[in-house]
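What follows is the residue order along each chain.
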Amino acid sequence: MAQKGVHLDRESFSCSICLDLLKDPVTVTCGHSFCMSCIQSYWDTEDEKKIYSCPQCRETFIPRPVLKKNTMLAGLVEEVKKSGLQAAPDGSSEAGPEDVACDVCSGRKLKAVKSCLQCLVSYCQIHLQPHFEVTPLKKHKLVEPSKKLQENICSRHDEVMKIFCRTDQKSICSLCSVDQHKGHDTVSAAAERTERQKDLEESRGNIQQRIQDREEDVKLLQQEVEAINGSADKAVEHSQEIFRQLIRLMEKRRSEVEQQVRSQQEREVSRVKDLQEKLEQEITELKRKDADLQKLSLTEDHNQFLHSYPSLSEPGQPADSSRINIRPLRYFEEVTAAVSELREKLQDLLTETWTNVSQAVTEVDVLLSEPPEPAEPKTRAGFLRYSQRITLDPNTVNRELLLSDGNRRATRTEEEQSYPDHPDRFTDYNFQVLSRESLTGRCYWEVDWRGGGVDVAVAYKTIRRDGDSKDCIFGFNDKSWMLVCSKDSYRFVHNKVFTDVSGPPSSRVGVYLDHRAGILSFYSVSETMTLLHRVQTTFTEPLHAGLWLGWSDGDSAEFIEVN
């Protein structure tokens, strides 16, 4: 009980920051006490916020409190020190779960500061003192505290192991050396340590050299990152300016066309209105003359009629007595057609040029010093290094195809499946399906098929999905490439162009893709691999594997998990 009371008293007079007895104690307004230097250092870290808090209860103070030494508390601390309740020497505080405890302490264990390899005992600061004062103990080997001291004891003879058996590569005691290790190559543990230390230092030297080399590499890579970022920023800035110039040019041309159209509109309307005004004047004059003639026709005085008729019957001479010839006009439709033609030419030009721009971006390769990737593999084992697990996407499958085996197999069926509506689904007679995985880099997969035949394909995700047009079918557009496989022949199709392919018939087809290099190869797989057809092109989008099963009911194809 007395010991527990001493422990509580010590805690009562300890600083919660340094966990030691209070030194120059001060008390803040919330009532908690600390060492003056501890609380000052703590508040120094809060100077930027200008809000100061108590480390114990978190009460805040504004402004920073002015601290004065608590003389009464300082006196009590001095009394505690005189009564022998001071904290244990530095490094000899109470041992925690992760610490090595002193083997000599009874009751409350203090933290060990050294372990003795001769005594095989760990000591706190207090119980270690004899090793500094007693002459025989001064010769003992002291090391950092260790929980593994018992590993230095021979389990057979309960003796300290001071010998190393090189034959069996293990530590032994002196009795072991004349017993089961008799005749073995043995040396003292210290001598073996000396040899191993040399190897260790050499290994450390190699590792440190590698660290230095790698650190230099990291610096070089950082410089590359900065260069890439700088170059990319410049490219983006330059392209933005170019596109802004193009937009300004297009806006200028648009304004010019509008101005020309409006100007021509004004001229033509003015001409028509001038002619219209003349015609209206002529109409007015003719109506007046017609009224005079009508009046003359009604007169009953024959002499008056004959006298006036010659002057009224003269037809007059209008500026243009012929009818206006309104020929079929197109007005400004030709302008619309010309602008539309310009748009189509620009679209074609941008499409053609955009491929070059996109390819220029994808061909950026910084790590030129790395060895280039090997060419297309020559053996099946080489292809399998790039094996890709393929699963079929239920959102794309035609309703007359049944998926099974974890969505790796597709089977042709005349019974429509109840797949939900989805914008990615192939419809009508497009009996095909795409993979869930998008394919870039180097990939290899194999398709095992049964029945009348199967079409093995790759396609962009942007391929058309609906409608009975052949444009949706693999190979009948510029977004897909397809190998048609039957029992005795092959054909390759891309963009509606058919190519006959020769090769040994097989129910398994291997597909190799090197997206970056633009290589797509189809192989007949049996005991050996035979190249059927290779495509060299430029892929502008990620690809998806595909199957077409429109030959007959029951035909199936499966993506094999190859290892």
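Model, not experiment: these values are computed from the prediction.

## A short note on the overall build of the protein
Then comes step 1: The helix and strand tally for the protein stands at 11 helices and 23 strands.
Then comes step 2: Surface summary for the protein: the accessible area is close to 37,400 Å², and the carbon and sulfur share equals 52%.

## Points about the packing of aromatic side chains
Then comes step 1: Enumeration over the complete set of coordinates arrives at 13 aromatic pairs.
Then comes step 2: A ring pair is formed by F492 and F522, whose centres lie 6.1 Å apart and whose planes are at 55°; its orientation type is tilted. Here F492, found in strand β17 (residues 490-494), pairs with F522, found in strand β20 (residues 519-525); they are 30 residues apart in sequence, far enough to count as distant.
Then comes step 3: Three or more aromatic residues joined by ring pairs make a cluster, and in this case those are F383, Y386, Y444, Y512 and Y523.
Then comes step 4: Here R412 stacks its cationic end above the ring of F431, 4.0 Å away from the centre of that ring.
Then comes step 5: When the ring centre of F426 is taken as reference, the NZ or CZ atom of R465 above it lies at 5.1 Å.

## Quick word on the sheet that holds strand β10 (residues 186-188)
Then comes step 1: Here we have three strands laid out as an open sheet, ordered β9-β8-β10, and antiparallel in their pairing. Of all the strands in the sheet, the pair left with one neighbour each is β9 (170-172) and β10. On average, adjacent strands in this sheet sit at an angle of 35° to one another, irrespective of strand direction.
Then comes step 2: Bridge count between strand β8 (residues 163-165) and β9: three bridges; the pairing is antiparallel. Bridged to I163 within β9 is I172.
Then comes step 3: Contacting β8 and β10, helix α8 (residues 189-297) runs over the sheet at an angle of about 90° to β10.

## Points about the side chain of S506
Then comes step 1: Here S506 is to be found in the loop between β18 (497-501) and β19 (508-514).
Then comes step 2: When sequence neighbours within four positions are dropped, the list of residues in contact with S506 reads W449, Y490, S524, V525 and S526.

## Remarks on unusual backbone geometry
Then comes step 1: With an omega of 0°, the peptide bond running from I62 to P63 counts as cis.
Then comes step 2: By the secondary structure assignment, P63 is in the loop between β4 (60-61) and α3 (71-82).
Then comes step 3: Look at R58: it is not a glycine, yet its phi comes out positive at around 70°.
Then comes step 4: With respect to the helices and strands, R58 occurs in the loop between β3 (52-53) and β4.
Then comes step 5: Assessed through its relative accessible area of 53%, R58 is described here as exposed.
Then comes step 6: Even without being glycine, K496 reaches a positive phi, approximately 70°.

## Considerations on the sheet that holds strand β14 (residues 442-450)
Adjacent strands of a sheet form backbone hydrogen bonds with each other and so pair up, either parallel or antiparallel.
Then comes step 1: Sheet architecture is open: seven strands sit in the order β11-β12-β23-β14-β19-β20-β21, paired in antiparallel fashion. The sheet is open, and its two borders are formed by β11 (401-404) and β21 (529-536), each paired with just one other strand. Neighbour to neighbour, the strand axes of the sheet diverge by 20° on average, direction disregarded.
Then comes step 2: Pairing geometry for strand β12 (residues 409-412) and strand β23 (residues 556-560), over three bridges, is antiparallel. If you follow A410 over to β23, its bridge partner there is A557.

## Some words on the pairing of β20
Then comes step 1: Burial analysis of β20 places seven of its seven residues in the buried class, the great majority of the element.
Then comes step 2: Here β20 shows two buried faces, one formed by I519, S521, Y523 and V525 and the other by L520, F522 and S524.
Then comes step 3: Judged from the six bridges that link them, β19 and β20 form a sheet pairing that is antiparallel. Looking across to β20, one finds that L513 is bridged to L520.
Then comes step 4: In this antiparallel pair of consecutive strands, β19 and β20, the connection spans four residues, and G518 shows a positive phi of 75°.

## Examining the packing of α8 against helix α9 (residues 302-313)
Then comes step 1: Running from N to C, α8 and α9 point in directions that differ by 160°, and their axes come no closer than 10 Å. By the angle between their directions, the pair α8 and α9 is classed as roughly antiparallel. In this structure, α8 crosses over α9, and the sense of that crossing is left-handed. Contacts between α8 and α9 pair K289, D292, L293, L296 and S297 from the former with Q304, F305, S308, Y309, L312 and S313 from the latter.

## Thoughts on the nonpolar core
Then comes step 1: Core analysis: the biggest nonpolar cluster contains 50 residues, and W445, F474, W481, L520 and L547 have the highest contact counts within it.
Then comes step 2: With six residues, strand β15 (residues 453-460) is the single largest residue contributor to this core.
Then comes step 3: Ignoring any residue separated from it by four or fewer positions in sequence, one finds L520 in contact with V458, W481, V511, Y512, L513, H533, R534, V535 and F539.
Then comes step 4: One finds L21, C38, C54 and L67 within the second-largest nonpolar core, a separate group that totals 18 residues.

## A look at α9
A turn of α-helix holds 3.6 residues, and therefore any two residues three or four places apart point the same way.
Then comes step 1: For α9, spanning 12 residues, the distance from its first C-alpha to its last is 16 Å, which sits close to the expected 16 Å at 1.5 Å a residue.
Then comes step 2: For α9, the N-terminal capping position is held by D301, with its side-chain oxygen 3.1 Å away from the main-chain nitrogen of N303.

## Some remarks on the confidence of the model for the protein
Then comes step 1: Chain-level pLDDT for the protein is 84 on average; 89% of the residues reach the 70-or-more range.
Then comes step 2: Between the elements of the protein, mean pLDDT differs from a low of 47, seen in helix α1 (residues 2-12), to a high of 95, seen in β17.
Then comes step 3: Counted against residues more than four places away or in other chains, residues 1-8, with its pLDDT under 50, gives three contacts.
Then comes step 4: When the criterion is pLDDT under 50, residues 85-91 qualifies, and its contacts beyond four places in sequence or with other chains add up to 18 contacts.

Parameters at a glance
Residues numbered from 1 in each chain as written. Predicted model: local features only at pLDDT ≥ 70, side-chain atom pairs only at ≥ 80, totals over all residues. Heavy atoms only, no water. Helix = DSSP H or I, 4+ residues; strand = E, 2+ residues; numbered from the N terminus. Areas by Shrake-Rupley, 256 points an atom, 1.4 Å probe, with all protein chains shown as cover. Phe/Tyr/Trp six-rings, centres within 6.5 Å; stacked < 30°, edge-to-face > 60°. Lys NZ or Arg CZ within 6 Å of the ring centre and 35° of its normal. Pairing = 2+ DSSP bridges. Axes fitted to C-alpha atoms, helices over the stretch in contact; angles between N-to-C directions. Contact = heavy atoms within 4.5 Å. Buried < 20%, exposed > 50% of the residue type's maximum accessible area, 1.4 Å probe, protein only. Parallel < 35°, antiparallel > 145°, perpendicular 65-115°, else oblique. Left-handed = near helix turned anticlockwise from the far one by under 90°. Core = buried A, V, L, I, M, F, W, Y, C linked by side-chain atoms within 4.5 Å. Expected span 1.5 Å × (residues − 1). Polar contact = N/O pair within 3.5 Å; in protein donor to acceptor, adjacent residues only side chain to side chain. pLDDT = per-residue confidence, 0-100.

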